[in-house]
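Understanding the architecture of this molecule
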Amino acid sequence: KPARSRFYAEDDDEQDNTPDPVWLVSNLIPDMATVLIIGAKGSFKSFVAQEILLAISANIPTFGTAPIRQGPTFYGAHEGRNAIKKPRKQAWKLARNIEQRLPFFVMRAPQIKSQEQCDEFREQIRVRLRQQSTPIAAIALDTVAKCMVGLNENDAGDCGLFIAFCDSLRDEFQCPVIALHHYGKDAARGGRGSSALPAGFDTVISVERFEKSLALSVRV
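Residues numbered from 1 in each chain as written. Predicted model: local features only at pLDDT ≥ 70, side-chain atom pairs only at ≥ 80, totals over all residues. Heavy atoms only, no water.

Section: the pairing of strand 6 (residues 138–142)
With 5 of 5 residues buried, strand 6 is to be regarded as a mostly interior element. Covered by surrounding structure in strand 6 are Ala 138, Ala 140 and Asp 142 together with Ile 139 and Leu 141, the residues of both alternating faces. Bridge analysis of strand 6 against strand 7 (residues 177–182) gives 4 bridges, and the strand direction is parallel. Each residue of the ladder has a partner; that of Ala 140, found in strand 7, is Ile 178. (Buried < 20%, exposed > 50% of the residue type's maximum accessible area, 1.4 Å probe, protein only. Helix = DSSP H or I, 4+ residues; strand = E, 2+ residues; numbered from the N terminus. Pairing = 2+ DSSP bridges.)

In structure tokens, the structure reads:
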């Protein structure tokens with residue numbers, strides 16, 4: 001049987017038989033979607049992303065609800081990688097009273113201008129997945145700016161390249177892809193760069209930190 005075309009046109013019955021969209025983390029992270037987390041520097045957006053991925057990999061509640069499925073998660077980091085993979089992870093496991101090894105993987109994120117880096121990033125995820133017993137559950141890319149080195153955040157076409165890369169990861173691995181992004185100089189105007197960036201994602205989450213209490217506001 002020939003492979004189904006990526007441009008296959010579904011008829012009325014096939015559309016009705018498509019599974020309904022579901023949340024991987026209820027009311028926060030939709031499954032098989034692209035998610036943009038926006039926050040100022042030091043707003044704990046990386047902390048939020050790591051909390052979500054670790055909770056999914058451990059199959060424990062996060063933001064007051066259990067993920068609908070457990071599986072390996074991959075954190076592609078350009079900055080803070082050493083903190084993410086050791087002290088932050090260890091502190092999280094201590095706070096959650098978790099001692100077992102988790103299918104939570106930390107790796108360098110690609111610079112999407114390089115097709116070679118994008119291909120190698122995908123392949124390294126595939127390598128780890130061949131060693132796992134459950135399908136992948138989520139991928140994070142931290143940050144948009146460092147993934148777009150050599151490209152222009154203010155250019156809609158260049159932002160489109162990053163969006164297309166996130167879409168391709170979502171489509172291949174059938175899981176949410178979460179990208180972390182900084183606010184511009186005026187936070188009221190949204191993230192840095194072209195408005196094409198947030199417009200190209202299925203879900204946008206804003207993270208705000210309250211300095212005195214260290215509390216967080218997380219808005220979908």
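A word on the sheet that holds strand 6
Read from one edge to the other, the open sheet built from 7 strands follows the order 5-4-6-7-3-8-9, with strand pairing classed as mixed. The sheet is open, and its two borders are formed by strand 5 (104–108) and strand 9 (215–219), each paired with just one other strand. For this sheet, the mean angle separating the axes of adjacent strands, direction not counted, is 20°. Bridging between strand 3 (residues 34–39) and strand 7 involves 6 bridges; their strand directions are parallel. Along strand 7, the bridge assignment pairs Leu 36 with Ala 179. Of the strands in this sheet, strand 3, strand 4 (73–77), strand 5, strand 6, strand 7, strand 8 (203–210) and strand 9 are in contact with helix 2 (residues 45–58), which crosses strand 4 at around 155°. (Axes fitted to C-alpha atoms, helices over the stretch in contact; angles between N-to-C directions. Contact = heavy atoms within 4.5 Å.)

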